[in-house]
Every structure is written in C-alpha cells, then in structure tokens.
Amino acid sequence: MRRFAVLVVVVALAPFVVRYPTLETQILTFGLLAVAFNVLLGEMGFLSFGQATFNGVGAYAAARVLIDLHAPLLLALGAGIAAGALVAAAIGALAITGRGVYGVMLTFAFNEMAYYLAFQWRDVTGGDNGLRGIPRPDVFGISLDDATRYYLFTATVVLVAFAFVLRLIDSPFGAVLRAIRENEDRARAIGFRVRRFKIVAFAISGGLSGLAGALYAGLFRFVPLQSIDLDTSTNIVVATLLGGTGSPYGPLLGAAVFTILSNSLSHVWSHWPLLFGVVFCIVVLFFRGGLWSISGLWNRRATHA
Amino acid sequence: MLRTHSLTKRFGAHVAVDAVDIEVRDGTLHAIIGPNGAGKTTLFNLLSGEQQPSGGTIEFRGHDVTRLDVTARSHSGIGRSYQRTNIFPKLTVFENVRLAAQSRTRESFALWASASASRALAERTERALGEFGLLAHAQRAAHELAGGDQRLLELAITVATDPALLLLDEPSQGLSPEDAHRLIDRIGALASRFTIVLIEHNMPLVMGLAGEITVMNFGRVIAHGTPEEIRADANVRAAYLGTRG
C-alpha cells in the first residue's frame with residue numbers, strides 16, 4: 001500500500017518536474033503493456049511472445065470507435081479492452097494446448113498473422129501508413145487537448161489498472177495462477193480447471209494490453225503499424241525482464257527505463273540497441289530479479305541501517 | 001466405497017495393471033503391497049484419473065467414475081498423495097495448503113477479493129497445518145522444508161481438499177526412521193477420519209496399520225486378506241516377502 005502511494009505521487013508529479021508529458025504518457029502506456037504481459041509470465045509462468053497483438057487490436061478497435069462512431073473516449077477505452085480480451089482469450093485457448101516452447105511459438109505465429117492482417121486490411125487499419133485522424137474527445141466536459149492533461153488522464157486510467165493487477169495478484173484467482181506456474185499437474189489434481197484459469201488470465205492480460213493500445217491511439221491520434229509488430233512484442237519481453245518479473249512494479253520500472261533509454265540514446269547514437277543489449281545481458285545474467293530486485297536490496301539495506 | 005472391475009492398463013505389449021478387482025470398504029485402511037514394478041502406482045494413476053484405463057471400470061460411492069478426469073475425480077472425493085513429493089515449491093507452506101482448501105470453494109474466480117483476508121480459508125488451512133505439525137513453518141517457502149516435512153506437506157495438501165478417500169503412494173519414501181515414525185502416527189490418526197488406500201514398502205508400517213491388504217505382482221492381484229492371512233500366504237512369501245526377507 002505504501003509503495004502504491006509512492007507510485008501515485010511520483011506519477012502525479014512527474015510532468016510538472018520533468019516537462020516531457022508526451023514521453024511520460026508513452027512510459028505509462030508501455031508500462032501497462034509490460035505489467036499486463038507479466039500477469040502471464042511472472043504470475044502464471046507463460047511466456048507470451050505475441051503481446052503486441054492485443055495492444056494493436058485494442059488500438060485499432062478504440063480508433064475505429066472514435067473515428068466511425070464519434071464515441072466518448074471512455075467508451076473507446078472499453079472497446080480497446082474488450083477487443084484485446086476477446087482476441088487474447090481466443091489465441092490463449094489455442095496457445096496453451098501447446099506445451100512449453102510450442103505454446104510460445106504459437107503466440108509468436110499469431111502475432112505474425114495479426115501483423116499481416118493489419119498490413120493488408122488498409123480500410124480498417126490504414127496499412128503501413130498507419131491509422132490517422134483519430135479524434136480525442138472531451139471526458140466529462142474536460143478538454144484533453146493538451147499533452148499534460150492527456151498525461152493526467154492516462155495516469156489515472158493506468159493507475160486504476162495497476163491497482164486492479166495488485167488486487168488480482170492478492171486474490172484467490174492470483175494464487176491459482178501461481179499454483180499453475182509452480183506445478184500445473186498438482187494444481188489440476190487438487191481440483192483446479194487449469195485450462196479455464198489460463199484462458200481467463202489471457203483475457204485479463206489481453207484486456208489490459210488493449211487498454212494500453214487504446215490510450216496510445218489517443219495520445220498520438222494515430223495508430224502506427226508498429227503497434228502490432230513483433231518488435232513491439234520483443235520490446236515488451238525485454239523491458240519486463242529488465243525490470244524484473246517478481247512484482248508488477250518490476251515491469252513498470254523496466255518499461256520506464258527502456259522508454260527513456262531508447263528515446264535519449266537513439267538521438268545520440270543510432271546503434272544504441274547495441275549498448276542496451278549489454279545492459280540487458282548484465283541485468284539478466286547477474287540480477288535475475290531485474291532492476292526492481294536491485295531497488296529492493298537497496299531498500300532493505302536502507303531500513304537495516 | 002471404491003470398487004474396480006477388471007481394471008486394466010496396457011502400455012503397448014506390457015500390461016501394467018491386469019484385470020484388477022479390488023474393493024475398498026468404508027472406513028478401512030487398505031494397503032497395497034508388492035515388489036517394484038508390480039503395477040501399484042499405475043493402479044493409483046487409474047484411480048486418481050491421471051491415466052485412463054485400457055479396460056474395466058471404477059466405481060466410487062456408487063457412481064461410475066471411470067471416464068472422469070483427474071480434476072473431476074478430485075471433486076468427487078478422491079484425494080491422492082504422490083510417491084515423489086509433488087508440491088508448489090516456491091509458494092509458502094501456508095499458500096500450498098490454502099490452495100488445496102480453496103479448490104473446494106467458489107472463490108477461485110474472485111478477482112477483486114483478497115485470498116489472505118478470507119477467514120474461513122485461513123482457518124481450514126491452519127487446521128490442516130496444525131494436524132501435520134507444520135504451523136511453525138507456515139511462512140517458509142515449501143522447497144526450504146526438510147525432506148520429512150515436505151512429505152508431511154504433501155499429505156496436508158491432499159487432506160485439505162477434504163476427500164472421502166485418501167490414496168497415499170509410499171508416504172514414507174525417503175524418510176529417516178524417526179520421520180517415518182512421525183508419519184506412521186499421522187497416518188494412524190488419519191485412519192480414524194478417512195478411508196485410506198496405502199501403497200507402502202515399509203512392512204512394519206503396513207502390518208501395524210492396515211486392516212486389509214492386497215498383494216500385487218506383475219500387474220495382478222495375487223492375494224488379499226487381513227495382515228495375518230497375508231503373512232501366512234505361501235504365494236506372497238514366494239513372490240514378495242520371501243525375496244525381501
């Protein structure tokens with residue numbers, strides 16, 4: 001609870017201390033993607049290599065609802081959640097039939113299919129030009145036509161979603177996901193319908209990813225084809241492992257570091273991923289719990305001192 | 001309580017369980033003994049639903065459960081422990097047992113509830129942990145427990161699912177003599193509340209606890225009776241006791 005309070009304060013003050021609201025909004029949407037991904041990896045023990053699918057589907061769904069129906073923004077977010085959850089439940093139901101690495105490859109393959117579908121279906125997605133001209137309507141009469149305001153709106157939504165994930169992990173449902181991660185066969189033997197739990201977990205992860213996509217669509221009023229490509233899926237995996245899978249704070253931290261580094265370093269040096277790769281290897285090899293575990297060690301030392 | 005009719009499991013040409021008829025009566029502790037490879041664990045796999053039989057039927061509390069999968073068997077009231085410790089290693093001891101208790105509730109799809117806040121679950125968990133003397137270890141990760149305590153946790157998980165029938169697969173496997181003694185006490189106590197089928201190599205344990213014994217060899221039942229009858233049975237001596245001294 002205290003950690004969450006600190007997070008709320010940091011997120012609320014960030015754009016007033018460091019005035020890059022657009023970048024900070026991106027951190028939050030990407031952070032939500034990583035947190036959603038980690039529900040599957042960190043809690044349930046399933047490596048989903050196709051998370052961008054749900055992000056992209058959510059972004060397109062929200063954008064279409066805004067463009068075609070002139071729907072309110074919150075409704076568009078709802079459409080993003082619903083689309084992400086439905087697609088994730090369907091893909092998840094198929095992916096979990098493959099054990100181990102085959103399940104991973106299935107999420108990968110579906111991501112590739114979704115990408116080509118988005119690439120081809122220009123009427124809906126704009127193809128490789130991206131989907132432009134997305135309106136950003138007022139919410140409850142408040143105009144969001146300002147980067148800081150949109151940041152605050154996104155921050156509110158992401159923090160609510162993050163609180164939901166924290167509750168989820170503490171819930172009986174979350175306990176079952178960890179049981180599946182630790183020993184799937186025993187979970188089944190003590191009476192849990194493992195397949196059902198996995199599909200629901202996929203739907204939750206997909207719904208949150210779709211929400212992130214919808215917020216991103218509102219941020220740039222534009223959905224690039226990249227929102228559904230494999231690079232994005234890879235970045236989600238990398239940012240999460242960088243931050244650490246042991247707690248939802250890890251992926252959030254990892255996403256922040258990843259976004260900041262990729263934005264700052266890419267201006268300085270076009271080969272920045274090389275440097276980032278080194279940092280990533282060091283963290284994964286020597287700090288298995290990711291950056292968040294390092295901050296945990298520091299916290300523990302600080303309280304002992 | 002449990003009855004099988006010519007229950008059979010083939011793996012290719014090998015018949016692991018060969019037309020087995022056994023009957024486990026309410027309230028008994030029924031031991032299954034036999035040399036390694038006699039088909040005892042395969043029989044358990046069939047009874048618990050982990051494997052599907054090649055032939056025959058299983059009747060449990062008057063219902064044919066032959067086609068039920070492992071999850072449905074668990075809900076029908078068959079609880080099983082494993083020869084190789086089968087727990088949730090990185091979760092706490094408390095969480096291991098709470099999950100088992102939780103599986104009997106409708107709370108598992110509650111996304112917004114707090115598992116640790118449920119009084120009823122906590123009480124059931126504490127009772128099961130107390131019964132096996134594990135309360136002191138409740139907050140430790142399960143894999144940190146000593147071997148003997150892990151075997152007890154294995155049993156506590158099974159008991160916490162509140163089964164009518166307990167299938168215990170070599171619970172004393174790998175235990176020191178002292179731990180084995182502790183375990184015998186526990187199983188003796190369980191026998192007053194549950195119907196138990198016990199696979200065991202530890203002969204003093206079996207002879208001391210069991211009301212009925214079924215002896216298997218090469219997938220078949222070769223003898224069945226009270227401990228005294230089994231001790232006197234020539235077939236059993238030849239096939240099993242004789243070879244083991």
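Scroll up for the structure.
Residues numbered from 1 in each chain as written. Chains lettered and ligands numbered in written order. Predicted model: local features only at pLDDT ≥ 70, side-chain atom pairs only at ≥ 80, totals over all residues. Heavy atoms only, no water.

Asker: Can you explain the layout of surface pockets? Please cite residues and give values.
Answerer: Here the largest pocket defines a volume of roughly 1,000 Å³. In this structure, the largest pocket is lined by 37 residues; those nearest its centre are Glu43(A), Ile169(A), Gly246(A), Ser247(A) and Pro248(A). Only helix H1 (2-17), helix H2 (21-44), helix H7 (147-170), helix H8 (172-182), helix H12 (249-268) and helix H14 (290-304) of chain A together with helix H3 (93-102) of chain B provide two or more residues apiece to the lining of the largest pocket. Per-class residue counts for the lining of the largest pocket are twelve nonpolar, 13 polar and twelve charged. (1 Å grid on protein atoms, 1.4 Å probe; cavity = no way out; pocket = protein on both sides within 12 Å on 5 of 7 lines; lining within 4 Å. Points joined across faces, edges and corners; volume = space filled by probe spheres on them. Helix = DSSP H or I, 4+ residues; strand = E, 2+ residues; numbered from the N terminus. Nonpolar A, V, L, I, M, F, W, Y, C, P; charged D, E, K, R; others polar.)

Asker: How would you sum up the packing of H2(A) against H8(A)? Please name residues and give values.
Answerer: All names here are of chain A. Orientation of H2 relative to H8, taken along the N-to-C sense of each, is 60°, at an axis distance of 8 Å. As summarised for this structure, H2 and H8 are arranged oblique, according to the angle between their axes. Residues Val39, Gly42, Glu43 and Met44 of H2 touch H8, and the partners they reach there are Leu177, Arg178, Ile180 and Arg181. In the contact of H2 with H8, the residues fall into four nonpolar, one polar and three charged. (Axes fitted to C-alpha atoms, helices over the stretch in contact; angles between N-to-C directions. Parallel < 35°, antiparallel > 145°, perpendicular 65-115°, else oblique. Contact = heavy atoms within 4.5 Å.)

Asker: Could you give an account of the interface of chain B and chain A, with specific residues and numbers?
Answerer: Contacts between the two partners involve 36 residues from chain B, matched on the other side by 27 residues from chain A. For the chain B and chain A pair, buried surface summed over both sides reaches about 2,600 Å², with 61% attributable to carbon and sulfur atoms. Where chain B touches chain A, the interface holds three salt bridges. In this structure, Arg186(A) engages Glu154(B) in a salt bridge whose closest nitrogen and oxygen atoms are separated by 2.7 Å. Viewed at the interface, chain A and chain B are joined by 19 residue pairs in polar contact (both at pLDDT 80 or more). Looking at the side of chain B that touches chain A, the elements with two or more residues in it are helix H2 (70-76), H3 and helix H5 (147-160) of chain B. Counted by class, the side of chain B that touches chain A contains 16 nonpolar, eleven polar and nine charged residues. (Buried area = accessible area lost by both parts, 1.4 Å probe. Salt bridge = Lys/Arg side-chain N within 4 Å of Asp/Glu carboxyl O. Polar contact = N/O pair within 3.5 Å; in protein donor to acceptor, adjacent residues only side chain to side chain.)

Asker: Tell me about the pairing of strand E2 (residues 14-20) of chain B, residues and numbers included.
Answerer: Residues and elements named next belong to chain B. Strand direction decides the pairing type here: strand E1 (residues 2-11) and E2, joined by four bridges, are antiparallel. Bridging across to E2, phenylalanine 11 finds its partner in histidine 14. Where E1 folds back on E2, the antiparallel hairpin that results is connected by two residues, among which glycine 12 adopts a positive phi of roughly 60°. (Pairing = 2+ DSSP bridges.)

Just geometry here; none of it tells us what the structure is for.
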